[in-house]
Every structure is written in structure tokens, then in C-alpha cells.
Amino acid sequence: MITKKIWQEIRKAESIVIFRHIKPDGDAYGAQMGLKELITFNFPTKKVYCAGEISSHWSKIMGDTDTDLSDEIIKQSLVIILDVANKARIDDQRFLFSSKIIKIDHHIFVEEFGGIEWVDTSSMATCEMITKMAFDNNAKINSKAATNLYCGIITDSGRFLFSNTTAQTLIYAAKLIDKGVDINNLYSFIYENTEKEVRFKGYCQLNYKTTEHGVAYMFITSELRKQFNINENYGAGSVNVLSNIEGVNIHVFFSEKEDGKVKVELRSKALPVNIIATKYGGGGHKLASGAIVPSWEIAEQLLKDLDDLCKESAEHYEAIF
Ligand SMILES: [Mn+2]
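For clarity, every value in this text was computed on a predicted model and none was experimentally measured. (Residues numbered from 1 in each chain as written. Predicted model: local features only at pLDDT ≥ 70, side-chain atom pairs only at ≥ 80, totals over all residues. Heavy atoms only, no water.)

**Student:** Quick question: what am I supposed to make of the sheet that holds strand S6 (residues 209–210) here?
**Tutor:** Hydrogen bonding along the main chain pairs the strands of a sheet, whether they run parallel or antiparallel. Ordered by their spatial adjacency, six strands build an open sheet running S6-S7-S8-S9-S11-S10, and the pairing between neighbours is mixed. The outermost strands of the open sheet, each flanked by one partner alone, are S6 and strand S10 (283–284). As paired strands, S6 and strand S7 (residues 215–220) are joined by two bridges and run antiparallel to one another. Residue pairing in the sheet places Thr210 in a bridge with Ala216 of S7. Running over the sheet, helix H9 (residues 195–207) touches S6, S7 and strand S8 (250–256) and is turned about 130° from S7. (Pairing = 2+ DSSP bridges. Helix = DSSP H or I, 4+ residues; strand = E, 2+ residues; numbered from the N terminus. Contact = heavy atoms within 4.5 Å. Axes fitted to C-alpha atoms, helices over the stretch in contact; angles between N-to-C directions.)

Here's what the structure looks like:
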């Protein structure tokens, strides 16, 4: 069993460095910090480090990464890479210094990292996979590890709302709650909005546009971001304010970054938007993907592709029925 094999590698290693994707979300940061807590709680003598930038947001409840990590430590460590399918998106490319690499991920497979690979697209979150590994190996789980892992499960599943939430997701979430997740504290942190965020979301819901065949979209220019005083990640990340609109199959946010490139967040009710994201150099899940395109011109092309995808599927549907 792969979960036993990986735990065995962890057991053998004296020093471990945990990596995850750039711009970490709740699942990436939660898996990283949760796994660190899990390993140090079960094996107190092991040295465990977390690579990558400190997330100013998630660090408030999960703590900081080890930004002073030396090349030497990475060279001598087992490297575990979480929640990322392509090498270019790994935060801190020095993972390559290690000769022992393990990947644990739930995204659609993109490329091998050159070690043990555990990719399970049926898992809702990487945190769900880490939880499974913990239980498969009868590992001890403390409240801190449980809270970090639970955070990844609830954020990647939209609080168990998204369609790839499975019985397994709920079972592992329940098992974590049993280990002492601080739900009250976690939820008040996750749900809190600043006033500017609420006003920005309201603006998007009033001003979004739709294409002919049912793509709801929002162009967030630098001027608009400045007007609302929101950062480039928050802009694109607000895409879910357009979910569940009748007649809309795909919703997408385009947010201009500081460097002039445009960050694209794609969400879909059923159509595979990851195909379009991949075409433009991005990736992700079938119903939730992202990309960064070089200009507004390319962004318009991507939007046209999405509209065509909706059009084709409507024609296909008519042909069947
Ligand atoms: Mn994830």
C-alpha cells in the first residue's frame, strides 16, 4: 500500500523538507503544516522543515515556513512535495537538490518528479490524502495536525459543497474532528471578510458580464483593483461570487497582475475547463482551474474558447436529445 510505503520512508529519514505549490491555498499550506506536525508529533527526534514563502494569511493560524532553509539541509533530506502536479509551480525550486523525492497530490497528473509518486485525483484534497496516510499507519494525531488538515479539506471542498466531495472526504473529516479540530476558531478565521472585500464582491455581482453561450466573467483591471484596494490574488480568488447563476455554465475572473499579465480563475458546473487552462499554460481540476496569460488580448481569446466550449456542448446536447 502506497500510504505504508511513504510512511516507511518518513520513518527512515532523519531530516525531511516539505514543499508545496506557490501562492499556497488552505489545502497546500494545511497539508504542509499538518504533515510537519504529524511527523514531529510521532517522531520527536526528526528534523522537519517547511519550504516556500510564508503565507501572510494562513500563517496566522498555522505558523511560518522555514525561510532560512539552507541548500545543505535540502541536499541531505527526504523531500516531500504536496498538492502540485507540475515542477514549475513548486515554491522553491531547490527541491531538485535532494536525491529522495516523494510527491503526494490530487491534481490531474502532469509530470513525474523523479521519486515515489502518489497521485489520487479521486481525493478531494491533499489534506485528505495525508489524513488517510495517518490513519492507514495508526499514526498519533494531535489537535494542531487535525486542525491544519481539516482546514485543507474544508477549503478545497468549499465546506463539502463541491461535487468531488465523497464519502471518504466526510469520513476523514469526521475522524479529524474526533482528534480535536478547533472548528470555532478555524471557521471564524476562514469566513471573515474585510469591509473592502465585501464591497468588491458586491461590485462584481452587480457588474459581471455574460457571453452569448453562458460564460459569466469579470475583467478586473489594475485600476479597478486600486479603486477597491485589493491585491492581485484576492481579485482572481473571488471568482466564486459568480457561482450557481441560472443559465451560466462557466464563470471566470480575469485579474490584471502588477506585471501586466492576467491571472485567470476558471470554474465550471460540468464542462472540463482544465482543457482550456492547460491550453494557455495553466492547469488544475476539471471544474476548477487557473492560468496566467501574458495580456488582455490573450485573455479575450481564452474567453472566446470558453464560450465556444459552452456552444459546442449545447449543440452536442441538442444532437443527443
Ligand atoms: Mn488541493
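**Student:** Would you mind going over the pairing of strand S5 (residues 116–119) with me for this structure?
**Tutor:** Because side chains alternate across S5, one face comprises the buried residues Ile116 and Trp118, and the other comprises Glu117 and Val119, none of which is buried. Sheet topology note: the strand S4 (residues 100–105)/S5 ladder contains four bridges and is parallel. Bridging from a neighbouring strand, Ile104 pairs with Trp118 of S5. (Buried < 20%, exposed > 50% of the residue type's maximum accessible area, 1.4 Å probe, protein only.)

**Student:** Help me understand the pattern of salt bridges in this model?
**Tutor:** Think of it this way: side chains of opposite charge can pair up when their charged atoms draw near. Tallying each qualifying case throughout the model produces 18 salt bridges. Note that Lys36 is salt-bridged to Asp66, the shortest N-O span being 3.9 Å. Separated by 30 residues along the polypeptide, Lys36 in helix H2 (residues 26–42) and Asp66 in the loop between helix H3 (59–62) and helix H4 (71–75) bring together distant segments of the chain. For Lys36, a relative accessible area of 22% translates into the label partly exposed. Of the charged contacts, one joins Lys263 and Glu265 as a salt bridge, the two residues approaching to 3.9 Å between their closest N and O atoms. Within this structure, Glu9, Lys12 and Lys100 form a network of salt bridges that share partners. (Salt bridge = Lys/Arg side-chain N within 4 Å of Asp/Glu carboxyl O.)

**Student:** In this structure, what is going on with helix H7 (residues 167–178)? I would like to understand it.
**Tutor:** Structural remark: α-helix, 3.6 residues per turn; residues separated by three or four positions point the same way. When the terminal C-alpha atoms of H7 are compared, their 17 Å separation across twelve residues agrees well with the 16 Å that a helix rising 1.5 Å per residue should span. If you check which residues of H7 are buried, you get Thr169, Tyr172, Ala173 and Leu176. Viewed along the axis of H7, the buried residues span an arc of 105°, placing them on a single side of the element. Facing away from the buried side of H7 by over 90 degrees, the exposed positions are Ala167 and Asp178. In this fold, the buried residues of H7 make contact with helix H5 (126–136) and helix H6 (143–156). By the N-cap criterion, in which a side-chain oxygen at the helix start approaches the backbone nitrogen of a residue two or three places on, H7 is capped by Thr166, the distance to Gln168 being 3.2 Å. Among the residues trailing H7, Gly180 stands out with phi positive, at a value near 100°. (Expected span 1.5 Å × (residues − 1). Arc of directions from axis to C-beta. Polar contact = N/O pair within 3.5 Å; in protein donor to acceptor, adjacent residues only side chain to side chain.)

**Student:** Before we go on, may I ask you to explain the coordination of the manganese ion in this structure?
**Tutor:** Coordination sphere of the manganese ion, protein contribution only: Asp27 (OD), Asp83 (OD), His106 (NE2) and Asp156 (OD), at 2.1 to 2.3 Å. One chain supplies every donor to the manganese ion, and in sequence these donors are spaced D-x55-D-x22-H-x49-D. Of the two residues, His106 is situated in the loop between S4 and S5 and Asp156 in helix H6; the sequence distance between them amounts to 50 residues. Given the relative accessible area of 15%, Asp156 is considered buried. (Donors = N, O, S within 2.8 Å, 3.2 Å for Na, K, Ca; no water.)

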